[in-house]
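Overview (structure and organization)
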Amino acid sequence: MDLNTLIQYMNLHLISLEQDSEGIEKAMDNYSNYEDDDYRMLEIEDISTNGQIIATAHLLSVAEGRI
């Protein structure tokens, strides 16, 4: 796989992660009880997804800087 292909993949992956994050946020908005176990699981998923977004964006910026 060449660097351009990897960058294209990372761009698509970042878009997918951002869409996932939006879906999680919408699901979280439906809860009024923040102590609910399902809400807490969504919180964990949201934190994980946001971490993946930050990491992917960083790796993408490094890869794009090398071209």
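Anything mentioned here points back to the structure above.
Basis of the calculations
- Residues numbered from 1 in each chain as written.
- Predicted model: local features only at pLDDT ≥ 70, side-chain atom pairs only at ≥ 80, totals over all residues.
- Heavy atoms only, no water.
- Patch = residues over 30% accessible without salt bridge, like charges linked within 9 Å, V, L, I, M, F, W, Y side chains within 5 Å.
- Areas by Shrake-Rupley, 256 points an atom, 1.4 Å probe, with all protein chains shown as cover.
- Salt bridge = Lys/Arg side-chain N within 4 Å of Asp/Glu carboxyl O.
- Lys, Arg positive; Asp, Glu negative; His and termini not counted.
- Charge placed at Lys NZ, Arg CZ, Asp CG, Glu CD.
- Helix = DSSP H or I, 4+ residues; strand = E, 2+ residues; numbered from the N terminus.
- Expected span 1.5 Å × (residues − 1).
- Buried < 20%, exposed > 50% of the residue type's maximum accessible area, 1.4 Å probe, protein only.
- Polar contact = N/O pair within 3.5 Å; in protein donor to acceptor, adjacent residues only side chain to side chain.

**Focus: a negative patch on the surface**
On the surface, a cluster of negative charge is contributed by Glu18, Glu22, Glu25 and Asp29. Position of Glu25 relative to the elements: it lies in helix H1 (residues 3-29).

**Quick look at helix H2 (residues 37-65)**
Its 29 residues place the ends of H2 42 Å apart at the C-alpha level, agreeing with the 42 Å of an ideal helix rising 1.5 Å per residue. Of the positions making up H2, those classed as buried are Tyr39, Leu42, Asp46, Thr49, Ile53, Thr56, Leu60 and Ala63. The opening residue of H2, the one whose side-chain oxygen lies 3.0 Å from the backbone nitrogen of Asp38, is Asp36.

**Thoughts on the pattern of salt bridges**
Under the defined criterion, the tally for this structure stands at one salt bridge. One salt bridge in this structure joins Glu35 and Arg40, with 2.2 Å as the shortest N-O distance. You can call Arg40 partly exposed: its relative accessible area is 37%.

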